[in-house]
Every structure is written in structure tokens, then in C-alpha cells.
Number of protein chains: 2
Amino acid sequence: MKIRIAQFGLGPIGLECVRLAAEKPWAELVGGVDIDPQKIGRPLGDVAGIALPETARVYGTFDELLRVARPDVVLHTAVSRFAQVVPQLEPIVRAGVSVVSSCEELLFPQLKFAAGAKAFDELCRKYNARVLGTGVNPGFVMDTLAICLTGVCRGVEKIEITRVVNASHRRLPLQKKIGSGLKPDEFRALFREGKMGHVGLIESLALVAHSLGWQIGPITETCEPVIATHDIQTKFLTVPKGLTCGIHHRAEASADAKPISLDLQMYLDAENPRDAVTITADPPVESVIHGGVHGDRATVAVLVNAVPRLLQAAPGLRLMTDLPVLRAS
Amino acid sequence: MKIRIAQFGLGPIGLECVRLAAEKPWAELVGGVDIDPQKIGRPLGDVAGIALPETARVYGTFDELLRVARPDVVLHTAVSRFAQVVPQLEPIVRAGVSVVSSCEELLFPQLKFAAGAKAFDELCRKYNARVLGTGVNPGFVMDTLAICLTGVCRGVEKIEITRVVNASHRRLPLQKKIGSGLKPDEFRALFREGKMGHVGLIESLALVAHSLGWQIGPITETCEPVIATHDIQTKFLTVPKGLTCGIHHRAEASADAKPISLDLQMYLDAENPRDAVTITADPPVESVIHGGVHGDRATVAVLVNAVPRLLQAAPGLRLMTDLPVLRAS
């Protein structure tokens, strides 16, 4: 029995999910959902540029798709915020269909939306649906991986997680998202307005703390522009020396004097890109993924790899730490 | 409600388990089991050198312990082989008590004992017991960690896992176990007789393959002595130049031309100790734990940390990949 999958959101990441899922012998793509009138009504295979049965088509809403197809799981890659994701997922959950979503705040919505997360969890249980927010960051390199590494520790005194991404080889939307070309003051004003910075960083921190049973105090966040020290030229844009070429976003908190820090640097021409986890503990753990894990490529992998694991879990709003360890599936 | 724990096997690792479990607010130690007449009948706290309720005592068999105490979980650190562990665990399982064991072959007994593992799994299900074989190696650094890292990969082409341990700072039993001081020919003869080498290496390989759904061909194993290039002096022993100062144990297999290799080097004065996982995939992953994870300290941590996770799993003979990701608990 194959797992029937529908793709909600047919942007670049969503289309990559379709292409990857189509390669899996355990998966069957049954359709897509998108708001783009250019895509609605077309065969999903046409839109994704791959061979798929003609019956798998693109619809404007999930309810329309549901009239003709019955997915087991929806891969959802459309929004970043919990307030946005809930109305999109409610019809899916009410149909008893499970969801793996890239929505960053859905990684650990309990942090900012305790009541909303509880209500949504109850809805999922009532309709026998499983919902998971995941990806590579948030979802793996700055949270689940660090949690997994604490498994060899007797007691943990301190956790430091660092991700450095060289954005020069990434897509234009990412190069723009990190503020490339902005004046430093423009960057800072955008962060104050909540329009700059990495959505999900504090959710990662909170998930780590939650999984260790740590009751943390307030989370301190800083987000500063990285300033170009020389003129930078990428395939897509140019940043003159002195302007913003990326972000340096930090989040910190502590529980009983045991600190957790997450330090995310994404900038053009970044040196020594890596994913590092340093755990002060007995025994200590100093882990580095040299070169770092590629964001877009890995996010699609995590979303698709999560599908069989999520279906093994109990119904409800699930966390990455509730599932059996993810693996290439 | 605390988790009631009994410790089976009161050697150095077992006693460390007792001491660590005693620190956990969620755990209550209810007794121990050992064959040593010097320990039987004494309070477990006395034997472990810590303060425990007088009611927690050491018994010669599990059945004797069961007459006075009712553990939820037994931590078992007594043997390495499946054929040895089954008779020790049967009375525990028949009492409906779950087990976390350091028995190396129990990590993945399906490799060498398919029928025995199936029968034991059925026994566990019948009596509502959960049984897990784990530790740091096998159990984490050369299997579960690598599996976890594949979670960010779309497809995996090759997996190379390397562990280098500097045995100079380890306990005397480990320094002896790796053949320190043997003539190289003596070492090789012992390996041929099955008395040398790391028990669990091929189980780690098989667990990785199993978790990825790979049907591997035969496993090739080599185990060579590491030869001292200079006179080596540890706290416990001396190895003259030219004699064995450790082991280099490799296991390899492949599935559809996709190779997996595990390379374990444990020797005196080893340079660059580390736990490395290199995954050839899209995206690639090159992970290193610098210094490596300390064997004894971490094994005890993994065993105790596995307890709350195992109790979340369904009854049966469980694998590390069946459980929610371990964490410091």
C-alpha cells in the first residue's frame, strides 16, 4: 500500500517536494493545491515537469482536491506563521488527513501560541490526523540534531548551536531575505518591525529546552546585519562594501543557570560554513557538520522523509521529538 | 509516578548506571541482581557507594528480586551475546518488565538470529514488555547517529562511519580487550577464534542498512592489530614497540552498489580521536564529533536516557530506530 500524498503550495520548494516524492517507491502523488490561476486545473506532473498520472491535478483549494482524491498525507509548503497555517490546515485535518508542513512556527507552536496549539492538537486527535512542522532549519540542524546528541550525555550544563550558511550559492529569494544590499539602519528597522530575521529560531531553542525538560526564562534575541567588507557579486545581485550582505541572528535563554544559545549567520561569501553543536556535559560533545547542511535541498528531504515516520506516531499535533528518528526513506 | 528501576549486573558499568539513575528525579531504584556472593544480600546503595533506601537490595536472581520489588524497567549490563542474554531476560520479560540492555548483539539480533529474535519479540509482546539493546557503540555513534543524519538526505549513495578511540585514557579492561601487549600473530589467531574484535560492529552496520530499507549482501569483516610504533606506557600497562597496542576493525557491505563501511580504531596513543560520519548524498553530510564520544561515560548515559523513551514505545523487541529520538533525560 503506497502512501497517497498531495502537495499544498507549488512554489519552488513545493515543486521540489513533488519531484522527490515521485521518486519514492512508497509514495503516490494524488494532486496539488495552489492559489496561482496559471497552475489550477493543470496536471500536477506538467506543473512539476515530471511524468505523473493525468488524474493528479492542481486545485485551488484542498476541498476541491478532496472531492476527487483521498490523500493520506499533505505536504504543506506555503506559510511561515502559525496564525496563517491553522486556517489552511483545518480543512485538511477535519478530513482526517495528516500533514507535514514547512511552517516554521509549527515546529513548536506551544512557545507563542499555547492555547492555539492545544486547541489545534485536540482538533487533530478528534479527526485522527497527525500534523508535524519540520524542515532543516527549523527542524533538524539547530534543534533535533542537538537534542539527539544530548542522548549520550549524563547531565547537560550548556548547549551552543551555531549555523553558518554561505548564501552566495543560494537562490535569489534567500539572498534577498537576508537583507542583501540594505543599508544597515534599514536592516535594523526591518528587524524591529518583525520583517527581518530567521523565523523559527526561537522555536528551535524552545524545542531543545522542552525536550530536555528545561523550564527556560525569557528568550533574548538579537539580529544584526553582516556588513560587506568588500564589493560582493553573486549570480543574482551586487552588494557594495559597507552595505548589508546577510544576517547574524542569535537567540539565548537559560534554565537554572544552564544556558542554551542558537547563533545563525547567513551571509554572502561566508567563510567556514558549518553546523556546529557544542554540549558542555559529561561526556562533552563537540559536533561539526563541515560545509553545513544545504538548506533548500535538505528541507525537501526532511519533509518527504518525515512522512512515513509521522504515520507511525499517535494522532495529534506532533513534535520532531515525538517521532522515531528520521532517516532517508 | 517515578519509573522503578532494577539493575541487573553490578560490574563497573552497572554500578555507574545505578549512580546515574539515582540522580534522576523520574527514577526510583528498587534493587539489583548479581551473581557475586560478596554483593548478594547487601543494600544496593552500599554496593554502589551512594545513599539509597535500605529496601533496595541485591539478589542472586531476578525472581528473588521480584518477590519483594516490582520494577518497571531493568537496566541490564551483563553479557554481549544474544545466546547469553535471552535466558537472562526471559524471566524478566515473563514478569511484564521492560529491559534496556547493553548486550551488543541485542542491538540488532535479527542479523544473526532471525528466528530467535522473532520468537523473543513475540514473547515480549505476549507479556507486554519492551526490550532494547543499546549503548554508545553499538547504539549511537556508529549507527543511530548516522541514520539520523541521513534524515536530511534525498537519496543516499554511500555511508562511511569512522570511530577512533584513544584507549590510553580508558579503563584497564578496555586496554586489555583491544589486545594491548599481544604479539600481532597472537592477536590475529584470537580474531580467527572469535575472541578478538568489537562485538556489535556488524550489528551496527546491519541496523543502518535495515533502517534505510537496504537489502545488503554479505558483510566483509577485517580485524587487524595496530602495532606500537614506539614504547607506550599507560597508567596500567606497558607496550613495547612492535607489539599490539589496539585494534583496527572494519566491516563493509553494499546494497545495489551502495556501500556502507564502519571503521573502528581503538588503540593506545591514538591521534585525532573522533566519531565521523560521511554520507555521499544530495545534499552530502560530513559530520565529525571531535575528540569522539567517551565510551564508558556515554554508554551509561545512553542506557539511562533510553528508559523513558522505551516506555513510550509499543511492546516488543525494539530497535533504536523505533524510539523517539533519545535525549538527556
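Residues numbered from 1 in each chain as written. Chains lettered and ligands numbered in written order. Predicted model: local features only at pLDDT ≥ 70, side-chain atom pairs only at ≥ 80, totals over all residues.

1. Some details on the overall build of chain A
For step 1, the next point in the chain: Helices and strands together make up the secondary structure of chain A, namely 10 helices and 15 strands.
For step 2, the next point in the chain: Over its C-alpha trace chain A gives a radius of gyration of 20 Å, about what one expects of a compact globule, namely 20 Å for 329 residues.
For step 3, the next point in the chain: Along the first, second and third principal axes, the C-alpha atoms of chain A reach 55 × 50 × 35 Å.
For step 4, the next point in the chain: Counting the 329 residues in chain A, one finds 53% classified as buried.
For step 5, the next point in the chain: Considering only residue pairs separated by 6 or more positions, chain A has 72% of its internal contacts joining residues 24 or more positions apart. (Helix = DSSP H or I, 4+ residues; strand = E, 2+ residues; numbered from the N terminus. Rg over C-alpha atoms; globule rule 2.2 N^0.38 Å. Buried ≥ 20, exposed ≤ 12 C-beta atoms within 10 Å, placed from the backbone. Contact = placed C-beta atoms within 7 Å.)

2. Things to note about the relation of the copies chain A and chain B
For step 1, the next point in the chain: Between chain A and chain B, the superposition needs a rotation of 180° and an axial shift of 0.0 Å, giving an RMSD of 0.0 Å. Look at the turn and shift together and you get a two-fold axis relating the two. If distances are taken from each C-alpha of chain A to the rotation axis, the shortest is found for Pro324(A), at 2.1 Å.
For step 2, the next point in the chain: The residues that chain A uses at the interface reappear at the interface of chain B in 100% of cases, marking a shared surface. (Least-squares fit on C-alpha atoms with pLDDT ≥ 70 in both.)

3. Looking at the sheet that holds strand β12 (residues 258-267) of chain A
For step 1, the next point in the chain: Ordered by their spatial adjacency, 12 strands build an open sheet running β8(A)-β11(A)-β12(A)-β7(A)-β13(A)-β14(A)-β14(B)-β13(B)-β7(B)-β12(B)-β11(B)-β8(B), and the pairing between neighbours is mixed. Where the open sheet ends on each side, the last strands, each with one partner, are β8 (220-227) of chain A together with β8 (220-227) of chain B. Recorded for the sheet is a direction-independent mean angle of 10° between the axes of neighbouring strands. (Pairing = 2+ DSSP bridges. Axes fitted to C-alpha atoms, helices over the stretch in contact; angles between N-to-C directions.)

4. Focus: the environment of Gly60(A)
All names here are of chain A.
For step 1, the next point in the chain: Mapped onto the elements of the fold, Gly60 is located in the loop between β3 (57-59) and α3 (62-68).
For step 2, the next point in the chain: Separated by 26 residues in the primary sequence, Gly60 and Asp34 place their C-alpha atoms 5.4 Å from one another.
For step 3, the next point in the chain: In contact with Gly60, not counting residues within four places along its chain, are Ile35 and Ile40.

5. A word on the nonpolar core
For step 1, the next point in the chain: One finds Val152(A), Leu205(A), Val152(B) and Leu205(B) to be the most contacted residues of the largest nonpolar core, which totals 230 residues.
For step 2, the next point in the chain: In this structure Val152(B) touches Val136(A), Phe140(A), Val293(A), Ala298(A), Ala301(A), Val302(A), Pro283(B) and Val285(B), once residues within four positions along its chain are discounted. (Core = buried A, V, L, I, M, F, W, Y, C linked by C-beta atoms within 7 Å.)

6. Some remarks on the sheet that holds strand β6 (residues 130-133) of chain A
All names here are of chain A.
For step 1, the next point in the chain: If you trace the 7 strands from one edge of the open sheet to the other, you get β3-β2-β1-β4-β5-β6-β15, paired in parallel fashion. Of all the strands in the sheet, the pair left with one neighbour each is β3 and β15 (316-318). Neighbour to neighbour, the strand axes of the sheet diverge by 25° on average, direction disregarded.
For step 2, the next point in the chain: As paired strands, strand β1 (residues 3-8) and strand β2 (residues 27-33) are joined by 6 bridges and run parallel to one another. Paired with Ile5 across the two strands is Leu29, which belongs to β2.
For step 3, the next point in the chain: The strands touched by helix α5 (residues 114-126) are β6 and β15; relative to β15, the strand with the most contacts, the crossing angle is about 120°.
For step 4, the next point in the chain: Against the sheet, helix α10 (residues 295-312) makes contact with β1, β4 (73-76), β5 (98-101), β6 and β15, and its axis sits at roughly 145° relative to β5, the strand it touches most.

7. What to know about the interface of chain A and chain B
For step 1, the next point in the chain: On the side of chain B, 40 residues touch chain A, which itself brings 40 residues to the contact.
For step 2, the next point in the chain: Residue assignment for the side of chain A that touches chain B shows that the elements contributing at least two residues are α6 (144-149), β14 (285-290) and α10 of chain A.
For step 3, the next point in the chain: A per-class count over the side of chain A that touches chain B returns 23 nonpolar, 11 polar and 6 charged.
For step 4, the next point in the chain: Direction of pairing for β14(A) relative to strand β14 (residues 285-290) of chain B: antiparallel, over a ladder of 3 bridges. (Nonpolar A, V, L, I, M, F, W, Y, C, P; charged D, E, K, R; others polar.)

8. Here's the deal with helix α10 (residues 295-312) of chain B
All names here are of chain B.
For step 1, the next point in the chain: With 18 residues, α10 extends 26 Å from end C-alpha to end C-alpha; this agrees with the ideal 26 Å at 1.5 Å per step.
For step 2, the next point in the chain: Ala306 marks the point of greatest bend in α10, at about 35°, and the proline Pro308 comes within the next four residues.
For step 3, the next point in the chain: Across the 18 residues of α10, 13 count as buried, placing the element largely inside the fold. (Expected span 1.5 Å × (residues − 1). Bend = angle between axes of the 7 residues up to and from the residue.)

9. Comments concerning helix α1 (residues 12-23) of chain B
Residues lying three or four places apart along an α-helix face the same way, a consequence of the helix completing one turn every 3.6 residues.
Residues and elements named next belong to chain B.
For step 1, the next point in the chain: For α1, which comprises 12 residues, the first-to-last C-alpha distance of 17 Å matches the rise-based estimate of 16 Å (1.5 Å per residue) to within 8%.
For step 2, the next point in the chain: Where α1 is concerned, the buried positions are Ile13, Gly14, Leu15, Glu16, Cys17, Val18, Leu20 and Ala21.
For step 3, the next point in the chain: Summarising the contacts, the buried residues of α1 are in contact with β1 (3-8), β2 (27-33), α2 (44-48), β4 (73-76) and α10.

10. Points about the domain arrangement of chain A
Many analyses report the size of an interface as the accessible area lost when the parts associate.
Residues and elements named next belong to chain A.
For step 1, the next point in the chain: For chain A, the assigned domains are domain 1 (3-135 + 297-322) and domain 2 (144-292).
For step 2, the next point in the chain: The distance between the C-alpha centroids of domain 1 and domain 2 comes to 27 Å.
For step 3, the next point in the chain: Contacts between the two partners involve 9 residues from domain 1 and, on the opposite side, 11 residues from domain 2.
For step 4, the next point in the chain: A class-by-class count of the residues in the side of domain 1 that touches domain 2 yields 5 nonpolar, 2 polar and 2 charged. (Domains from an automatic or database assignment.)

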